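Summary of structural features
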Amino acid sequence: MTCACFTRVTRGLERLCHGTVFLLFHPRRIWAVFTVGALLALVYRRRSDGESSDKGGPSALAGDEEAPTASRKGNRVWASNQQPVTGSRWDVEEDLDRGETRETTEDFYCEYDSTWDSDHEDHEIEPRRSVRTRGSNSLRFHRFRSAAKDMQAYRRDYPHQRSWNQHRPDKQNLAFYRGERASSPDGVYIQDFHNKWFRMYDKLEYTHTFIQWLFPLQERGMNPEAFELTKEEITYFLEDCTAKDNLVASYKLMLNFYGIILLNEETGEVGKAENWQERFDNLDSHTHNNLRITRILKCLGTLGFCHYQAPLVQFFLEETLLHGELPNVKYSMLNYFIFTVRNKQKRQKLIEFAYLNFSPEEEFVWCPKKIQMRWLAEKRKANNR
């Protein structure tokens, strides 16, 4: 029996040596072994992170940054470096504008949306972490978060914009609005746009190089021959009556294209044009116009017509949420149009209107849950009177 055991051990050693030599002379086999090992380690790590997240540990943070070491004080979760950490029940955020802290339990908090922060919109603040969302709303919230980052940069006047482009000696956008130069590559002067392109709906629909001239922004557009708006140009534009009058005329041109009329130049109130049904059909079937409307709203807020923003957004809210029109405009309005409005109080009112008229309300992701619960309580209280 001893001899049989010795034979088995010897054969086992031979097989082990043979396998080692086989691997040494077959690099692909070695790579396969290491790959399998790495995959097993990754699966184990994710499983461990998932267990930690369910317990409300540091890995419950949303985002890709490494979570700081956290310690719990009462019901609050604090990081060792004094940055707030998201726990399973409490999310304490330092309000960098007011020097205060807030306790929140809601989902749908977006670090790029300052609508619910202090009144100092133009101050650059360190971004906070988003609260992780779960279930069917996660994709909708992800799209909103992506849009919110762009909208915040716009409302804060592009704080990370390269300075070299802001000191261009020529003021091409201002010269165009004064009627001193034509657009490029179309070669059309501002007055010709207003007079010869009015109600030329096919030309307005299928020409894609004029919108960057009519509504310039401090960001790149799809027309490489247009120019980014500079801060110096903005200063001169705000003092130039001719340029501002031409901007209102450009606004009327595009409103007519969308089936809308400007009812009051002082307040910015708008309404439906006589041919609104035809134009609504075109707007809803050509979704690139959602990008154009976002650009128009941004331009209005940049060049002295902030008071025109909220009335137009309110119009689209009513048409989409109350009257069931423009279904393909609805989510662009919620993700982009609302958040172009520079006035924070007006923006809050617009979001409140959207929430109270959105269905189903549990799928509304454009403001924190805590705010939604407050509005819902106020609505129920008003209904019980």
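All residue numbers refer to positions counted from 1 along the written sequence of the respective chain. Since the coordinates come from a predicted model, pLDDT governs what is reported: local features require at least 70, and pairs of side-chain atoms require 80 or more to be given and counted, while whole-chain, interface and lining totals use all residues. No hydrogens and no water enter the side-chain calculation; it runs on all heavy atoms of the structure.

1. What about the packing of helix α3 (residues 138-155) against helix α13 (residues 330-337)?
The angle between the axes and the distance between the axes are what describe a pair of packed helices. Interaxial angle, 0 to 180 degrees, is taken between N-to-C directions of lines fitted to C-alpha atoms, where a helix line uses only the stretch in contact. Labels follow the DSSP assignment, with helices taken as runs of H or I lasting at least four residues and strands as runs of E lasting at least two, numbered in each case from the N terminus. α13 packs onto α3 with a crossing angle of 45° between their chain directions and a minimal axis gap of 8 Å. Classified by the angle their axes make, α3 and α13 are oblique. Counted together, Arg140, Arg143, Phe144, Ala147, Asp150 and Met151 of α3 and Tyr331, Asn335 and Tyr336 of α13 form the full contact between these two elements. Across the contact of α3 with α13, the residue classes tally to five nonpolar, one polar and three charged. What sets the label is the angle itself: under 35 degrees gives roughly parallel, over 145 gives roughly antiparallel, 65 to 115 gives roughly perpendicular, and the rest give oblique. Contacts were defined at the residue level, with two residues in contact if any of their heavy atoms lie within 4.5 Å. Basically, the charged four are Asp, Glu, Lys and Arg, the nonpolar ten are Ala, Val, Leu, Ile, Met, Phe, Trp, Tyr, Cys and Pro, and anything else, Gly included, counts as polar.

2. Considerations on the environment of Glu232
Along the polypeptide, Glu232 turns up in helix α8 (residues 231-238). Taking the C-alpha atoms as reference points, Glu232 and Lys171, separated by 61 residues in sequence, lie 8.3 Å from one another.

3. Quick word on helix α11 (residues 288-302)
Between the first and last residue of a helix there are one fewer steps than residues, each counted as 1.5 Å, and that sum is the expected span. The end-to-end C-alpha separation of α11 is 22 Å, in line with the 21 Å expected for 15 residues at 1.5 Å each. Buried means the residue's accessible area, taken with a 1.4 Å probe over protein chains only, is under 20% of the maximum for its type, while exposed means over 50%, and partly exposed covers the values in between. Of all 15 residues that make up α11, 13 are buried, and the element is covered over most of its length. Positive backbone phi, approximately 95°, marks Gly304, located one or two places after α11.

4. Remarks on the packing of aromatic side chains
In this scheme Phe, Tyr and Trp rings, the latter by its six-membered ring, pair at centre separations within 6.5 Å, and the angle between planes marks the pair as stacked below 30 degrees, edge-to-face above 60, and tilted otherwise. Scanning the model with the defined rule gives 25 aromatic pairs in all. Aromatic side chains Phe176 and Phe193 sit 6.2 Å apart centroid to centroid with 75° between the ring planes, which places their arrangement in the edge-to-face category. Within this pair, whereas Phe176 is found in helix α4 (residues 172-177), its partner Phe193 is found in helix α5 (residues 190-196), the two being separated by 17 residues in sequence. Grouping residues by exposure puts Phe176 and Phe193 together as buried. Relative to Trp366, the ring of Tyr331 lies with its centre 6.0 Å away and its plane at 40°, an arrangement referred to as tilted.

5. A word on the nonpolar core
The term nonpolar core refers to a set of buried residues drawn from Ala, Val, Leu, Ile, Met, Phe, Trp, Tyr and Cys, joined through side-chain atoms within 4.5 Å. Counting 77 residues, the largest nonpolar core has Leu214, Tyr251, Met254, Phe316, Ile338 and Phe364 as the members making the most contacts within it. Among the elements that make up this core, the one with the highest residue count is helix α9 (residues 241-257) (eight residues). Apart from the residues lying within four places of it in its own chain, the contact partners of Tyr251 are Phe215, Leu262, Val270, Ile296, Leu300, Tyr308 and Leu312.

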